[in-house]
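Observations on the three-dimensional arrangement
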Amino acid sequence: MWDERYAREDYVYGVYPNVFLKENLDKLPKGKVLSLAEGEGRNAVFMAKQGYQVTAVDSSIVGIEKAKRLAEKQGVHVNFIHADLAHFDIEYEQWDAIVSIFCPLPALIRQALYKKLSRGLKQGGVFVLEAYRPEQLQYGTGGGNVSEVMQTAKTLRAELPSLAFSYLCELEREVIEGVFHTGMGAVVQAIGTK
């Protein structure tokens, strides 16, 4: 599905970073950042331009190839990994920050990934997330049509008990990120520290 979605000339989610990530970049410690479900590279390239050592994971080889072109065009290095997050191993206490921007995963896969994520963050490491909530289904402006892959403040607290959330908010906001995320959206935003 994702290879097909990204098999277009344009960047379907745009080339500019997610607004929540951009506005909160100063909350991420400088160092090694892991970006989950990076897609076509917009967030990874943005962080690399700000001096972070970025590793970006995505299951779509088409998305990764586009992300590599974007990084080259912007003159930055990003370590891209082609992997399914259901089977991706996050190294123990290796990451200063982990970023998840609109990463839709079924609950069981997400819960297993979050256990690895919690172990993968260094002490004091920061997790930044923006995801659609189930209420997004009424807007139909992105995020698919399956509520199971969406998250809430409650699920984040339950699935990431090792993190202390300095910010955890459910809200409606205008999401303008390419052709597939355009319009009012029901989101949850989170910043948590190990």
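Residues numbered from 1 in each chain as written. Predicted model: local features only at pLDDT ≥ 70, side-chain atom pairs only at ≥ 80, totals over all residues. Heavy atoms only, no water.

1. Description of the packing of aromatic side chains
Centre-to-centre distance and the angle between the planes together describe a pair of aromatic rings. For the structure on display, the rule yields 4 aromatic pairs. Arranged with centres 6.4 Å apart and planes meeting at 75 degrees, the rings of Y6 and Y13 form a pair that is edge-to-face. A relative accessible area of 4% means that Y6 is categorised as buried. Relative accessible area serves as the criterion here: at 10%, Y13 is assigned to the buried category. Cation over ring: K66 sits above Y11, and NZ or CZ is 4.9 Å from the ring centre. (Phe/Tyr/Trp six-rings, centres within 6.5 Å; stacked < 30°, edge-to-face > 60°. Buried < 20%, exposed > 50% of the residue type's maximum accessible area, 1.4 Å probe, protein only. Lys NZ or Arg CZ within 6 Å of the ring centre and 35° of its normal.)

2. A closer look at helix 5 (residues 107-120)
In this model helix 5 runs 19 Å from its N-terminal to its C-terminal C-alpha over 14 residues, within 8% of the 20 Å that 1.5 Å per residue would give. Inspection of helix 5 places A107, R110, L113, Y114, K116, L117, S118 and G120 among the buried residues, and these make up the whole buried set. (Helix = DSSP H or I, 4+ residues; strand = E, 2+ residues; numbered from the N terminus. Expected span 1.5 Å × (residues − 1).)

3. So, the packing of helix 3 (residues 42-49) against helix 4 (residues 61-74)
Where helix 3 contacts helix 4, the axes come no closer than 9 Å and their chain directions differ by 25 degrees. By the angle between their directions, the pair helix 3 and helix 4 is classed as roughly parallel. Between helix 3 and helix 4 the crossing geometry is right-handed. Residues R42, V45 and K49 of helix 3 form the contact with helix 4, whose participating residues are A67, L70, A71 and Q74. Looking at side-chain class alone, the contact of helix 3 with helix 4 contains 4 nonpolar, 1 polar and 2 charged residues. (Axes fitted to C-alpha atoms, helices over the stretch in contact; angles between N-to-C directions. Parallel < 35°, antiparallel > 145°, perpendicular 65-115°, else oblique. Left-handed = near helix turned anticlockwise from the far one by under 90°. Contact = heavy atoms within 4.5 Å. Nonpolar A, V, L, I, M, F, W, Y, C, P; charged D, E, K, R; others polar.)

4. What to know about the side chain of E177
With respect to the helices and strands, E177 occurs in strand 6 (residues 164-177). In this structure E177 comes out as buried when scored by relative accessible area, which is 4%. Looking at E177, its side chain comes within polar contact range of the side chain of N18, at 2.9 Å. Not counting the four nearest positions on each side in its chain, E177 is found in contact with V12, Y13, G14, N18, V19, R42, F102 and T182. (Polar contact = N/O pair within 3.5 Å; in protein donor to acceptor, adjacent residues only side chain to side chain.)

5. With respect to the layout of surface pockets
There is about 740 Å³ of room inside the largest pocket. Along its surface, the largest pocket is lined by 39 residues, and W2, A37, F102, C103 and P104 are the ones closest to its centre. Of all the elements in the fold, those that place two or more residues in the lining of the largest pocket are helix 1 (2-6), strand 1 (32-36), helix 3, strand 4 (95-101) and strand 5 (121-132). Among the residues making up the lining of the largest pocket, the classes are represented as 22 nonpolar, 11 polar and 6 charged. Counted as a void, the second largest pocket has a volume near 180 Å³. Taken together, V15, Y16, P17, R42, V45, F46, K49, Q50, L70, K73 and Q74 form the lining of the second largest pocket. At the level of secondary structure, the elements contributing two or more residues to the lining of the second largest pocket comprise helix 3 and helix 4. It is helix 3 that contributes the most residues to the lining of the second largest pocket, 4 residues altogether. (1 Å grid on protein atoms, 1.4 Å probe; cavity = no way out; pocket = protein on both sides within 12 Å on 5 of 7 lines; lining within 4 Å. Points joined across faces, edges and corners; volume = space filled by probe spheres on them.)

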